[in-house]
Amino acid sequence: MDHFMSRRAFVGASAAALTIAMSASSSVSAQPKSSITVRIDRDITALDPAFRGGPHDANVVRAVFQRLAALKVDGTGLELDAAAELKQVDPTLIEFTLKPGQMFTDGFGEMTAEDVKFSFERFAVAPVDGKVSPYKADWAGLTEVEVTGTYTGRIKLSAPNAGLMTVAIGDCSGCIVSKKAVLERGTEHNTHPVGSGPYQVASVEKQRGAVLRRNPDYKGARPAFEEIRVNFIQDPKTTELALRSGELDFAVLPPSIAEPMRGASGLSVENYPGLAYIWLGINMQKAPFTDMRVRQAVRLALDVDQMLLAGFNGKAPRLNALVMPPVLGYWKDAPVYKRNVAEARRLLAEAGQTSIKTRITILNQPAYQSMALVARALLQEVGISAEVDVQEGGTYWDAGKGEAGKNIDMFLMRFNGKLDPSFLMQWFTSSQIGLWNWQRFASPEYDQLAQQAIRELDPAKRAEIAIKAQQEMDKSAAFVWLTNDVAYVVRRTNVKPAFLPGAIDWQLDKFTPA
Amino acid sequence: MRETLRYVASRLATTFLIVLGAMILLFALSALVPGDPATALLGPAATPEYVQRFIQEMGLDQPWYRRLFSFMGNVFVGNLGTDVLSGQPVTRIIANVLPYTFILTFSSIGLAVAFGVPLGCYAATHRGSLLDHLLAFVSVAFIAIPSFVIAIFLLLIFAIWLDWLPVMGAGEAGNWFDQAQRLILPTIALSVGWIGFIARLVRSSMLETMGENFIRLSRAYGLSNRLITYKYALKNACIPTLAVLGMGVGRLLGGAVLVEIVFSRPGLGRLMFDAISTRNFPVLQGTVLVVVLIFVLTNLLVDLSYAAIDPRIRRQGSR
């Protein structure tokens, strides 16, 4: 019988095929880059700007849609984007003129002032199908966008909103959608968005991410890369291996994963102060923390630097008040509390509390666990016995809300920030008790200052107001500020990324070859 | 034939009851789990109006049994609900990831059979030999090491040190070569434990069968050892192995989550895991339903295949 292939020939051919297969991946990385791959750590949920899921969605949204004016990379101000002119006529009126000839993708025509009106008003004033955006607060005070011509219009507010340019107009809530596309596509617009920006979405797949391709009709500066793959990679360790192997070009990672990658071939690791705020909160309405002296004792018993050493290898900058350095209203002279065991014990004795049993509620993430364990040991020394209650996300984010919030003792919390003091301050007003003000910090003075900060357009006066508000928070002793976080950016050395301060908000269209 | 059909019909009825039982459990437990889905899914920026609307859309203002009735009613018309966040139908979300899960599951089980059965046969026919002892040790080690640990080692060796295979993902759509490349490591990671398990099972089943009278009779008739081992003994030893494979397929369908996370591959396990951690109930309900259905149907197929292999079972069935 004639054999088609001898055993030896078969083995040889298989080995050759395997070698070609396995070398394919490495040969690809040697090609000049026309595309890059970046990592997001959460799956894409919705790419419609008004219903985006979080920073992971927002980073794609920014590359796909235009805004009247966009935040500059360094976050210092705005630069015109879809608008030829954008003018604050008075504190409650902004006029805009669009550049003509800006086309939406997929044949949805030219951008007009009617699209701008639809895009902004749908957040709250005129929600489509009754669906109010979760980002409604970004457009606080908007009453109407009046269309005065094909390309011109006026944004009218009921009261001044100092953060409008930074938080809404210049960022994702200011993205201009095609009215026709949103109405035609409905919820499909979440996965097949129609923009006019530098990139268009080629595909979105659950658990995989999105592929962005250069938009040939975009009238602005041409992005450097033809294609950007935005890959959802949940596991930081896999992200590390993908970066090392050259499959991934850019990621933001926790310090414990990123630090060991310093010096790895073809990789660059840089760390930036974050734009988030992490603190230990104390429920002011739960005994024994209703007594100011007990809260002060907790603050003096803790050693923030030790906690940061445990949670962030000491790489995260210390935060002493709510507003972090690059943001207007940073309180440079905020008190830096040092550990003082004797004073903490004295305060507790004065309050008649010599043996407190309490609980620190935290999210199940390694950094928080390490910090909570250190806090527990430090509190023990002054006679406060703390149990660390580690919860997974679904349970944790509900722990301080509604009725359950009345029973929470202490907690470690992290909020993402933006380059606007009012955005940072909004969660601590009395109206947020039962929602996100887990300290149950109720201060009429603070509430008033938070309102003033929104309405004051003079930056110097606004900074003063923000500092006063932080002083009110400090007086309460319900906040032990820890850090504004640290962002470790790991990238291939041949890719230069672009992002706003804090490295959470990326500008993918401004990524360039290094 | 009529008996077989009756058997299939009764098993399908049982399948329905199992699915219903699983869904009752899921809905009842969902109501007990702490944590508000609206908070978990929408985050701090959500307005009270949006949260309220969201609660209504998810049916969370209804008691769990009413949600269950409504869900099961929709299932019969092929509607598994809508993911409230993305607005996508759950059927589409599941349909997108299902092929990845099937490919990974069947390639892993296939690889486990391809290695486990010959190793088990060899160990059974060379009982007490050095290789038998070695295989016993290696098999137990394979079973004991969690698949995600193997996954990380495989990545370090083949993707980083040797740079032979890619680290992550499932490959580009339509590019079969790329997809096959990215399937190799996850398949090995998942199948290693099963190789050990199947090898042990085949060995013990074969040893038991080799001691039976019909094997002794076959030897007395002068049939060759090869024929006795591979035609008669192995065929009989296959029945318990098949039962285990049925369970294996079911477990891998929803249980490959850690390997899917390590290799960043889409899959039903990950979908279910994400849905649980974000309290995304519509996606969770749909995924659990599909996993239970596939699990039960796979085991039905396995049961039916016994009859094809063993005539005694066929005859028992017809009586």
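Every value quoted in this text rests on a predicted model; they were computed, and no experiment measured them.

The rules behind the values
- Residues numbered from 1 in each chain as written.
- Chains lettered and ligands numbered in written order.
- Predicted model: local features only at pLDDT ≥ 70, side-chain atom pairs only at ≥ 80, totals over all residues.
- Heavy atoms only, no water.
- Contact = heavy atoms within 4.5 Å.
- Buried area = accessible area lost by both parts, 1.4 Å probe.
- Salt bridge = Lys/Arg side-chain N within 4 Å of Asp/Glu carboxyl O.
- Polar contact = N/O pair within 3.5 Å; in protein donor to acceptor, adjacent residues only side chain to side chain.
- Nonpolar A, V, L, I, M, F, W, Y, C, P; charged D, E, K, R; others polar.
- Pairing = 2+ DSSP bridges.
- Helix = DSSP H or I, 4+ residues; strand = E, 2+ residues; numbered from the N terminus.
- UniProt positions renumbered as here; feature names shortened; annotations may be inferred.
- Patch = residues over 30% accessible without salt bridge, like charges linked within 9 Å, V, L, I, M, F, W, Y side chains within 5 Å.
- Areas by Shrake-Rupley, 256 points an atom, 1.4 Å probe, with all protein chains shown as cover.
- Buried < 20%, exposed > 50% of the residue type's maximum accessible area, 1.4 Å probe, protein only.

Visitor: So, the interface of chain B and chain A: which residues are in play, and what are the values?
Guide: Each partner contributes residues to the interface: chain B has 51 residues there, and chain A has 45 residues. Of the roughly 4,300 Å² buried where chain B meets chain A, counting both sides, 56% is carbon and sulfur surface. Scanning the region where chain B abuts chain A turns up three salt bridges. Across the pair B:Arg92 and A:Glu188 runs a salt bridge, and its minimum N-O distance is 2.8 Å. Viewed at the interface, chain A and chain B are joined by 11 residue pairs in polar contact (both at pLDDT 80 or more). Tallied by class, the residues present in the side of chain B that touches chain A amount to 26 nonpolar, 12 polar and 13 charged.

Visitor: Hey, could you go over the pairing of strand β10 (residues 199-205) of chain A for me, with residue numbers and the actual values?
Guide: All names here are of chain A. The pairing of β10 with strand β11 (residues 209-214) spans six bridges and is classified as antiparallel. Opposite tyrosine 199, over in β11, you have arginine 214 as the bridge partner. The hairpin turn running from β10 into β11, its antiparallel successor, is three residues long, and glutamine 207 in that turn takes a positive phi close to 70 degrees.

Visitor: Got a sec to walk through the UniProt feature "transmembrane region" (unreviewed entry) in chain B? Specific residues and values, please.
Guide: Taken from the UniProt record, the annotation "transmembrane region" (unreviewed entry) applies to residues 12-33, 97-122, 134-162, 182-202, 241-263 and 283-309 of chain B. The distance from the first to the last C-alpha atom of residues 241-263 of chain B is 28 Å, and the span holds 91% helix and 0% strand.

Visitor: Go over the UniProt feature "domain: ABC transmembrane type-1" (unreviewed entry) in chain B with me, naming the residues and quoting the values.
Guide: In the UniProt entry, the feature "domain: ABC transmembrane type-1" (unreviewed entry) is given for residues 98-302 of chain B. End-to-end, the C-alpha atoms of residues 98-302 of chain B are 21 Å apart, and along that stretch the chain is 83% helix and 0% strand.

Visitor: Break down a nonpolar patch on the surface for me, with residues and values.
Guide: Residues and elements named next belong to chain B. Among the surface-exposed residues, Phe153, Ile157, Trp161, Leu162 and Trp164 lie close enough to one another that they form a single nonpolar patch of about 550 Å² accessible area. By the secondary structure assignment, isoleucine 157 is in helix α7 (residues 147-161). Isoleucine 157 sits in the partly exposed class, given a relative accessible area of 31%.

Visitor: Explain the side chain of A:Thr105 residue by residue, including any values.
Guide: Residues and elements named next belong to chain A. Take threonine 105: it is sitting in the loop between β6 (93-98) and α3 (113-121). A relative accessible area of 6% means that threonine 105 is categorised as buried. Among all residues touching threonine 105, those that are not within four sequence positions of it are Val194, Gly195, Gln200 and Asn215.

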